[in-house]
Each structure stands twice: as C-alpha cells, then as structure tokens.
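# Notes for the structure review
This is what each chain is made of:
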Amino acid sequence: MGMPVTAHVRDPGCAGADLDAAFAWLRDVDALFSTYRPESEISRLEAGTLAVADAGPLVREVLDRCEALRHQTGGYFDARARGALDPSGLVKGWALERAAALVDAGSLCLDGGGDLVLRGGPWRVGVRHPRERDRLCAVLELDEGAVATSATYERGEHIADPHTGRPPRGVLSVTVTGPDLARADAYATAAFAMGEAGPAWTAGLPPGYGAMTVLEPGRVLSTPGWRSI
Amino acid sequence: MLLSGDGPHTEALNARAEPILRESALEAGSADVDVVSGATSTSEIWLDSLQGAIDKARRGR
C-alpha cells in the first residue's frame, strides 16, 4: 500500500510481540492486496488469471464490503474509480482495525498515513489544515474510534469523481470520525468526490459518524455528529 | 438514511440535510496534539510532515 504506519502505545504492559504481530499482519495484507505486486490476488484478479470465486476469504470479504459501500455512497466510493480494480481505499482502514485488535494495550493509536484507529484515550487529534501543511484547522478529543481525512494537498493522492473521471470542484478536505476506520475512510473519500455536494450528503451519515468538510475558499461545514474542541 | 449520489431524490433530501450543518470559517491554528489526521500518503512526504515532526520530537524526549 506504500503507506507509513505508526503505532503509538501508552501502556508499559504492552508486549512487543503484539506489535510485531500487528505489523506482520499489515505486511500480509500488502502481499494480498497490493496493486504494485503482480503476484498479489488483486493484481491477478485484474489480470484475469484469478477468478473472484477462487480468491481467498479476505479478498472476497474486502470486495464485498467495497461493493456495499459503492451502493451506500451512490457510486462515489468505487474500487474501480480509476478503471482498474484498486480496493486500497477500503483495505487501509480495514487492515488497521484488524491490526489494532491484535494489540493488547490499554491505550493505542495506529496511524496509517494520517488515518487513525484510536483505543483507550483520551487522544488529542489535530486535523491538518488543507492549505498550510504545518497548521491545524480543528482539534478533536476522542477516547476511541477512527478518524479519516481525504484531501488532495499531497502528491499521489488523486481523488476523482467516479461519475465524471474528473477531480471534484470546490472541496479542500473532508474528515470523518466514527466507530470503524474502513467505513470512515470510504465515507471521506466519497464525500470528497462529491465536491460541493459532499457536506449535505455527510449530514445523512449513519449514527456514530460525524464529518467536517472544508470548501473553497474557506467554508467549514460540520455535521451534528462532529465534535471538535 | 444515506443519500444517493444524484437525481431528484437526493436534491429533496439535501434540502432537508443542509440546515443541520454547522458553518464556520477556516482557521489555522497550532495546538499540542498526540496525532494528526491528514491525507499524507507516502513515507517521503510523511518524514517531512507535521506528524513526522511530532514523532521526531517524541523520540528526542
């Protein structure tokens, strides 16, 4: 997935072996799902040398969840948004949730490239300002849950509206909080792809989820479920 | 209820959803935080990013 993962642990009793298991799991996920490795199941599905029915249970689970989220987001979250099969947008959050479950620590934060799984807080979480890379535009205090941000301020992060193939207009960043990182990340991606229509869509997110959208030139729209301090 | 992507149904739902959104102006602040959420996506960028700076500062403590 080409993504740095950092574990923050505030628990002297946490066994290093748990963290080793969590990172070993993430490497296994990369081997199964990487679009850069020709031997991964995802690459073989795309190449037509592996049928979905013959893929492993983890890959089938992820593809099923991608399909459910595609329906739930009106097609704005799409594992084929750029043509080729690429479920990375769901895999990252899904894999980090499972990695966190492998770590027996009272207080844990897993950070996968700015998308977070939090346990045993309080954790003070800053949301990166979409234009000023070393500033924050919001601060959250969370005991547990997930935080995901979609934006295009970094190279390599290109979100297109799957319906038009073009980058959305008028949106700078979308951050979603909620109980599950895979869903929060998919919702943030979908809302970003909707552009200026995203904030109204986030108002209908399921219970437990909240969203903050930054629109051009600097309008911040947040849902009732969003709790910044 | 989730809104579908487009069409008249969505517009009707959006018209109801809009008033419950809170609007504020974009601020640029700094605060003592444990971690930062953002769309950093490669290790090169990460090393140079705010989270990278926080992690470096922690290691130095």
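Here the structure is shown first, and the text comes after it.
Just so it is clear, the model here is predicted, and its values are computed rather than measured.

Moving on, we come to the overall build of chain B. Helix and strand content of chain B: 3 helices and 2 strands. Seen in sequence order, chain B has helices and strands lined up from the N terminus as α-β-β-α-α. Across the 61 residues of chain B, 23% fall into the buried class.

Time to look at helix H5 (residues 181–193) of chain A. Residues and elements named next belong to chain A. Compared with an ideal rise of 1.5 Å per residue, which puts 13 residues at 18 Å, H5 spans 18 Å between its outermost C-alpha atoms and is within 8% of the ideal. With 13 of 13 residues buried, H5 is to be regarded as a mostly interior element. Downstream of H5 by a residue or two, Gly 195 has a phi angle that is positive, lying close to 65°.

The α-helix advances 3.6 residues per turn, and as a result positions three or four apart in sequence lie on the same side. Residue and element names in this part refer to chain A. For helix H1 (residues 16–33), built from 18 residues, the straight-helix expectation of 26 Å at 1.5 Å per residue is met to within 8% by its first-to-last C-alpha distance of 26 Å. Burial in H1 covers these residues: Ala 22, Leu 26, Val 29 and Phe 33. Looking straight down H1, one finds that the buried residues subtend no more than 55° of arc, so they occupy a single side. Among the exposed residues of H1, those pointing more than 90 degrees away from its buried face are Gly 16, Ala 17, Asp 20, Ala 24, Arg 27, Asp 28 and Ala 31. Along its buried surface, H1 packs onto strand S1 (5–9), helix H2 (41–47) and helix H4 (88–101).

About the cut-offs
- Residues numbered from 1 in each chain as written.
- Chains lettered and ligands numbered in written order.
- Predicted model: local features only at pLDDT ≥ 70, side-chain atom pairs only at ≥ 80, totals over all residues.
- Helix = DSSP H or I, 4+ residues; strand = E, 2+ residues; numbered from the N terminus.
- Buried ≥ 20, exposed ≤ 12 C-beta atoms within 10 Å, placed from the backbone.
- Expected span 1.5 Å × (residues − 1).
- Arc of directions from axis to C-beta.
- Contact = placed C-beta atoms within 7 Å.

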